[in-house]
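# Fold and contact review
These are the residues of each chain, in order.
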Amino acid sequence: TSDVTADKVFNLLAANKLSVDFININPDKIVFNLNREESRLAQKLLEAQKIEAQVVPDCAKVSIVGAGIMGTPGVTAKMVAALSKQKIQILQTTDSYTTIWVLVHGKDLVAAVNALHDTFLVKEA
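My aim in this report is to walk through the structure given alongside it, one point at a time.

The rules we used
- Residues numbered from 1 in each chain as written.
- Predicted model: local features only at pLDDT ≥ 70, side-chain atom pairs only at ≥ 80, totals over all residues.
- Heavy atoms only, no water.
- Core = buried A, V, L, I, M, F, W, Y, C linked by side-chain atoms within 4.5 Å.
- Buried < 20%, exposed > 50% of the residue type's maximum accessible area, 1.4 Å probe, protein only.
- Helix = DSSP H or I, 4+ residues; strand = E, 2+ residues; numbered from the N terminus.
- Contact = heavy atoms within 4.5 Å.
- 1 Å grid on protein atoms, 1.4 Å probe; cavity = no way out; pocket = protein on both sides within 12 Å on 5 of 7 lines; lining within 4 Å.
- Points joined across faces, edges and corners; volume = space filled by probe spheres on them.
- Axes fitted to C-alpha atoms, helices over the stretch in contact; angles between N-to-C directions.
- Parallel < 35°, antiparallel > 145°, perpendicular 65-115°, else oblique.
- Left-handed = near helix turned anticlockwise from the far one by under 90°.
- Nonpolar A, V, L, I, M, F, W, Y, C, P; charged D, E, K, R; others polar.
- Polar contact = N/O pair within 3.5 Å; in protein donor to acceptor, adjacent residues only side chain to side chain.
- Pairing = 2+ DSSP bridges.

## Some thoughts on the nonpolar core
With 15 residues, the main nonpolar core has Ile64, Met79, Leu83, Val104 and Leu116 as its most contacted residues. Secondary-structure elements contributing two or more residues to this core are β3 (59-65), α3 (75-85), β5 (99-105) and α4 (109-120). Apart from the residues lying within four places of it in its own chain, the contact partners of Leu116 are Val62, Ile64, Met79, Ala82, Leu83 and Leu121. Core analysis: the second largest hydrophobic core is formed by 13 residues, Val9, Leu12, Leu18 and Leu46 among them.

As structure tokens, this is what we get:
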């Protein structure tokens, strides 16, 4: 709902000792990740506060890691292309100086890891 603010959601979760990641806040929605048990509790807490929530169950985080990621054009493009080629839906992304993470459906975990491995594996001479 339009009157739900990110601080209300995150204060509620923090007050109940729930730690979130994969956070994305925009005017229309607030997206974050929790483990399975915490997700169930968060859903109950949000419902009790009349805050509408959609839960996407059974997700998996997959990442690529490397010191040269930041400042190297095309890394994200290669990652997205590799997953798209395998028809793997990217649910959420986040990054740091050395890592890019994607959230995918759990059923796609092995295919995602294999696709990224095939794309980014440094072949030894």
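Okay, back to it.
## Quick look at unusual backbone geometry
Despite not being glycine, Lys50 has its phi angle at roughly 60 degrees, a positive value. Locating Lys50 in the fold gives a position in the loop between α2 (36-48) and β3. In this structure, Lys87 is a non-glycine residue whose phi angle is positive, near 60 degrees. For Lys87, the position within the fold is in the loop between α3 and β4 (92-95).

## Quick look at the layout of surface pockets
Any empty space left between atoms is shown by rolling a water-sized probe over those atoms. Size it by volume and the largest pocket reaches roughly 1,200 Å³. As for the largest pocket, its lining consists of 37 residues, and the residues nearest its centre are Ile30, Val31, Phe32, Gln54 and Val55. Counting residues per element, the ones that place at least two in the lining of the largest pocket are α1 (6-15), β1 (21-25), β2 (30-33), α2 and β3. In terms of residues, the lining of the largest pocket owes the most to one element, α2, which gives 6 residues.

## Considering the packing of α3 against α4
Taken N-terminus to C-terminus, the directions of α3 and α4 make an angle of 135 degrees; their axes are 9 Å apart at the nearest point. By the angle class used here, α3 and α4 are oblique. The handedness of the crossing between α3 and α4 comes out as right-handed. In this structure, α3 contributes Val75, Lys78, Met79, Ala82 and Leu83 to the contact, and α4 contributes Ala112, Ala115, Leu116, Thr119 and Phe120. Here the contact of α3 with α4 is built from residues that sort into 8 nonpolar, 1 polar and 1 charged.

## Concerning the side chain of Gln92
Assignment of secondary structure puts Gln92 in strand β4. A polar contact of 3.1 Å, which involves the side chain of Gln92, links it to the backbone oxygen of Phe22. Non-local contacts of Gln92, meaning those with residues more than four positions away in its chain, are made with Phe22, Ile23, Asn24, Val31, Trp101, Val102 and Leu103.

## Some details on the pairing of β3
Within a regular strand, the side chains alternate between the two sheet faces. Residues Ala60, Val62 and Ile64 point to one face of β3 and are all buried, whereas Cys59, Lys61, Ser63 and Val65, pointing to the other face, are not buried. As defined by bridge partners, β3 adjoins β5 across 7 bridges and the pair is classed as antiparallel. Within β5, the position partnered with Cys59 by the bridge is His105.

## Some thoughts on the sheet that holds β5
Across the sheet, which stays open at both edges, the 3 strands sit in the order β3-β5-β4 with antiparallel pairing between neighbours. The open sheet is flanked by β3 and β4, the only strands paired with a single partner. Taking the axes of each pair of neighbouring strands and ignoring which way they run, one obtains an average angle of 20 degrees across the sheet. Two elements, β4 and β5, share 4 bridges in a ladder whose sense is antiparallel. If you follow Thr94 over to β5, its bridge partner there is Trp101. Here α3 sits on the sheet and contacts β3 and β5; the angle it forms with β5, its principal contact strand, is near 20 degrees. Against the sheet, α4 touches β3 and β5, its axis set at about 10 degrees to β3.

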